[in-house]
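Listed below, chain by chain, are the residues.
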Amino acid sequence: MGYSGGRRWTRALAVLAALSIAIAACGSDKKGGTTGTAAQTTTAAPSGSSPATTPATTPATTPATTGAQPSAPTGELKIAASMADLATLDPPRAFADINGLLQPFWGEPLVTIDPADPTKILPALAASWTVSGDGLTYAFKLRTDAKFSTGNTMTADDVVFSFERLKNIQGSVAFVLDGATSIVATDPSTVTITLSAADSAFLAKVTNSALMVLDSTELKKNGAVSDATAKDADKAEAFLNTATVGTGPYMLKEWKRNERIVFDANPNYTGANKPAFATITVQDVREPATQAQLLQGGSVDLATNIDSDTAAGLKDASGVKVDTVQSVNLLYLALNNKAPSPFADPKVRQAIQKAIDYDGVGILTGATKRPAAVIPLGLQGIDKVTPVATDVEGAKKLLADAGLAAGFSIDVTFANYAPYGVPLTTLWEKISADLAKVNITLNLKPVEYDAWLQAYRAGGLPLTSSIWAPDFLDVTNYLDWFGSPESPVSKRVGFNSPEAGALFNQVKATTDPAKREDLSAQAATIMRDDASLIPVVQPNSIIAYRTTISHVEYSPNHQIEITAITPG
Amino acid sequence: MSLLQYVVRRFLLAIPTIIGLSIVTFVLANYLPGDPLVRLLGERGAANPKIVATYTKRWGLDKSGPERYFVYMRNLVHGDLGRSTTTQRAVAKDLFDFFPATIELALAAIVVAAVGGVAAGMLAARFKSRWPDAGVRLLALLGSGVPVFWLGLLALEVFYLRLHWVPGPEGRLSSSTHVPPHTTGMYTFDALVHGQWATLWDALRHLILPAFVLGAYFLGLIARMVRASLLEIGGANYLVAARARGMSERRIMLVHALPNALIPVITVLGLAVGGLLAGAVLTETVFAWPGIGRYAVDTAKGLDYQAVLGVTILIGVIYVVSNVIVDVLYATLDPRIRIGR
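Residues numbered from 1 in each chain as written. Chains lettered and ligands numbered in written order. Predicted model: local features only at pLDDT ≥ 70, side-chain atom pairs only at ≥ 80, totals over all residues. Heavy atoms only, no water.

## Remarks on the domain arrangement of chain B
Residue and element names in this part refer to chain B.
Consideration 1: According to the domain assignment, chain B consists of domain 1 (3-77) and domain 2 (91-339).
Consideration 2: For domain 1 versus domain 2, the distance between C-alpha centres works out to 32 Å.
Consideration 3: At the junction of the two partners, domain 1 supplies 22 residues and domain 2 supplies 21 residues.
Consideration 4: Summing both partners gives a buried area of about 2,000 Å² for domain 1 against domain 2, and 77% of it is carried by carbon and sulfur. (Domains from an automatic or database assignment. Contact = heavy atoms within 4.5 Å. Buried area = accessible area lost by both parts, 1.4 Å probe.)

Below is the structure:
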């Protein structure tokens, strides 16, 4: 009896072993059937070669460096970034924030913005450009010395192919070329784009990093199609996920999804923004607290997703610097003025606008500035319009005029999350307390993000909050989305101002900067006084980095201008 | 009933479980509020009818719910798990890429929990009511009481930032270490079979802390169970008999007491598979571990129903299989349990 325990265990182990062998056998059977290609690649790869990073079709990735370079790139820049949204490296198929951060590594657009003044357009791959008097034709004169990381020289044909492909794949970023009726190479170094209607924001749209120019010769070899059939016929995505073929200072070395993406300096780079590091490694780290620890421990040089709570914990960390910069994002309230809402009366909306304690909201969110209307500070005209100040007595008077001195109660359905590090529940509790002073009772109903978005898009919420990050840095993005009677958000909340719509059309047709500012300011004033959409804060962006690197700067369209960073 | 019949029956019973699981997940993923297209395209893209039409067709969202379910199940039978809207590629490829990281972490956690738990439980039972017992009970309480998320951050603060014993939460390898050739996708194993000792060391260094954090709950649980059952059978007749025959205490413990005390631990290990996969979601987030837990979170956020289904079915299958293994082990160890006998 004493040994029965032992024998039972031996038998149990035998059964376990038999079972595991059986399961393993089933597993490998299945593998043979379904993922045969993967298994074959593994076995077919010559021993010692690095796995699955460079397919045979990859163009020469290590061309011999010719001649001595003035300052050869050295060392490694290590970055922690949340890459949950990084689905693809193929520019036409991606339109997430993370793509904006990474695309400038390997690709350059024709023109770019001045990070210090986002309304200023600077040359990039195009050395210069001209716009026809009617605002319909844009001729870009290309740099002739620009080379791809493949070693090929960039020509107008590459621009045409890249742009046509982006337009015809019809990804979410295709809207930037919606108005372009023809994209033609007029000579090897000139591209002419004709628009169906004048669009003074066209250059601002072209600065989008997804409009990078790629090596069309390599693309065509790897299944790329640019004509109208591209949305089904283009097969280059898999190739572009393993090899970047742009003109930027870095080029892809390895992408391990969910893990890290590694770039090497591009030895063929000919632009002004020379690569400073031999390698840039971006680790996929989602949690701000984890990013902060890596930064503190010196495992990364830069953390890109630090929120204000985490930043507070980094204040005293040695060797770490935290910059807080005003972003171009907005957090706004949306008051639905479609009857029978009390907000149908503009006086009630203006009363809400006056009753909010903006200084208090600023303390809560860590950002003190806000624009007068849903157009971020820094863009055309908005800085000239004064925001409505807090005035509780004025709010009470407006409500009395509207016959609502006794107040009313209304539901607030909002997404229960913390955009830009601002928990919306906290924000609404604050606003609720402010509005209680004018006898308005808010019934706060936090719901899941998707449920909220669906209801908001359907225009069914009486009062809610939302955010906006720019698609491109021009006031027309905002007038188009919030200002004109045709705007998606205007329709949702019932903001219907033909005057604002007319001003939008004029801004679109005007290229003169002073005139654009003036027209935009007029539109912003109408939007402010209507008070259907009330921006409460223009949140800050937080950049945390080690003092071992410098030139770390906020970028309104790329989050952080990583290619500008240098060691030391 | 023979053991083989028993095993076959248990596996057959698992099929309706998996089908039920797929229906529930499909319904949840498809009929909860939210539009996967908006998640995929952003508000800007979703406002453009041309782009919406292209994407609706591309992702098969123009078909009705039941139709999509049957298409999904038909493909599933052929081993095709569909395409993820989040990663824009085949779900099978995603699972193939991300699952090894989770298995590696979960296996390491099971080893930590089993070895650590049994050792701690034996220690506590041996020194009952003295300080090692109190220490083990306190640790067990902490291990099974503290949330994984907080434990992870705390462990990093101590072992990474203050003591510098382990690397930071940078994933599975240092950025300077190359990924070993793919055999299983488990870096420690792959580095071992290819003789890449430096890589093995680096992978182990990255694995140890998340494995402890993930395994802590079950380590505590097992320690308490082993302690309790060792004390319970302490006075059993067969132990008294062994002592009477003059056997050493060590031999009594290892040969007679422990094997019997371990039977309930098997059940716990079976449960642990499910618990570890659930805990992996949080551990993977804290340690930037690129496994299936994080993939599940990403895809669920994106209302990516094919990927969510893929993960659910995979985890469901593993859970069912591990339960069957536990039942079979149990039946082998304790013949009284075997049905029909």
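## Brief notes about the interface of chain B and chain A
Consideration 1: Counting residues at the interface gives 72 residues for chain B, matched by 65 residues for chain A.
Consideration 2: For the pair chain B and chain A, the two sides together bury roughly 6,000 Å², of which 55% comes from carbon and sulfur.
Consideration 3: On the chain B side of the interface with chain A, the three residues burying the most area are Glu43, Arg44 and Ser175 of chain B, jointly 13% of the side's total.
Consideration 4: Across the salt bridge formed by Asp298 of chain B and Arg286 of chain A, the nearest N and O atoms sit 2.8 Å from each other.
Consideration 5: In this structure, the connection of chain B to chain A is made through 14 residue pairs in polar contact (both at pLDDT 80 or more).
Consideration 6: Top contributing element to the side of chain B that touches chain A by residue count: helix H2 (residues 36-46) of chain B, with seven residues. (Salt bridge = Lys/Arg side-chain N within 4 Å of Asp/Glu carboxyl O. Polar contact = N/O pair within 3.5 Å; in protein donor to acceptor, adjacent residues only side chain to side chain. Helix = DSSP H or I, 4+ residues; strand = E, 2+ residues; numbered from the N terminus.)

## A short note on the pattern of salt bridges
A side chain of one charge can pair with a side chain of the opposite charge if their charged atoms are brought near each other.
Residues and elements named next belong to chain A.
Consideration 1: The full count for this structure, using the stated rule, is 31 salt bridges over all chains.
Consideration 2: The residue Glu517 makes a salt bridge to Lys384 at a minimum N-O spacing of 3.2 Å. Of this pair, Glu517 sits in helix H19 (residues 513-530) while Lys384 sits in the loop between helix H12 (358-365) and helix H13 (392-401); the two residues are 133 residues apart in sequence, bridging distant segments of the chain.
Consideration 3: Classification of Lys384 as exposed rests on a relative accessible area of 53%. (Buried < 20%, exposed > 50% of the residue type's maximum accessible area, 1.4 Å probe, protein only.)

## Examining the domain arrangement of chain A
Residue and element names in this part refer to chain A.
Consideration 1: Considered domain by domain, chain A is made up of domain 1 (12-38 + 40-46 + 73-293 + 541-567) and domain 2 (330-538).
Consideration 2: When each unit is reduced to the centre of its C-alpha atoms, the spacing between domain 1 and domain 2 is 35 Å.
Consideration 3: If you look at the interface, domain 1 gives 14 residues, while domain 2 gives 14 residues.
Consideration 4: In total, domain 1 and domain 2 occlude about 1,100 Å² of area from one another, counting both sides; carbon and sulfur atoms represent 67% of this.

## Observations concerning the packing of helix H11 (residues 249-261) of chain B against helix H12 (residues 263-286) of chain B
Residue and element names in this part refer to chain B.
Consideration 1: Across the interface, H11 lies against H12 with an axial gap of 4 Å and an inter-helix angle of 40 degrees. When the axis of H11 is compared with that of H12, the two are oblique. Across the interface between the two elements, Pro259, Asn260 and Ala261 of H11 pack against Ile263, Pro264 and Val265 of H12. (Axes fitted to C-alpha atoms, helices over the stretch in contact; angles between N-to-C directions. Parallel < 35°, antiparallel > 145°, perpendicular 65-115°, else oblique.)

## Considering the sheet that holds strand E16 (residues 463-468) of chain A
Residue and element names in this part refer to chain A.
Consideration 1: The strand order across the open sheet formed by three strands is E16-E13-E17, and the pairing between neighbours is antiparallel. Two strands close off the open sheet at either side, each with one partner strand: E16 and strand E17 (533-537). For this sheet the average axis-to-axis angle between neighbouring strands, irrespective of direction, equals 30 degrees.
Consideration 2: Of the pairings in the sheet, the one linking strand E13 (residues 330-335) to E16 comprises six bridges and is antiparallel in character. Counterpart to Leu333 in the pairing with E16 is Ser465. (Pairing = 2+ DSSP bridges.)

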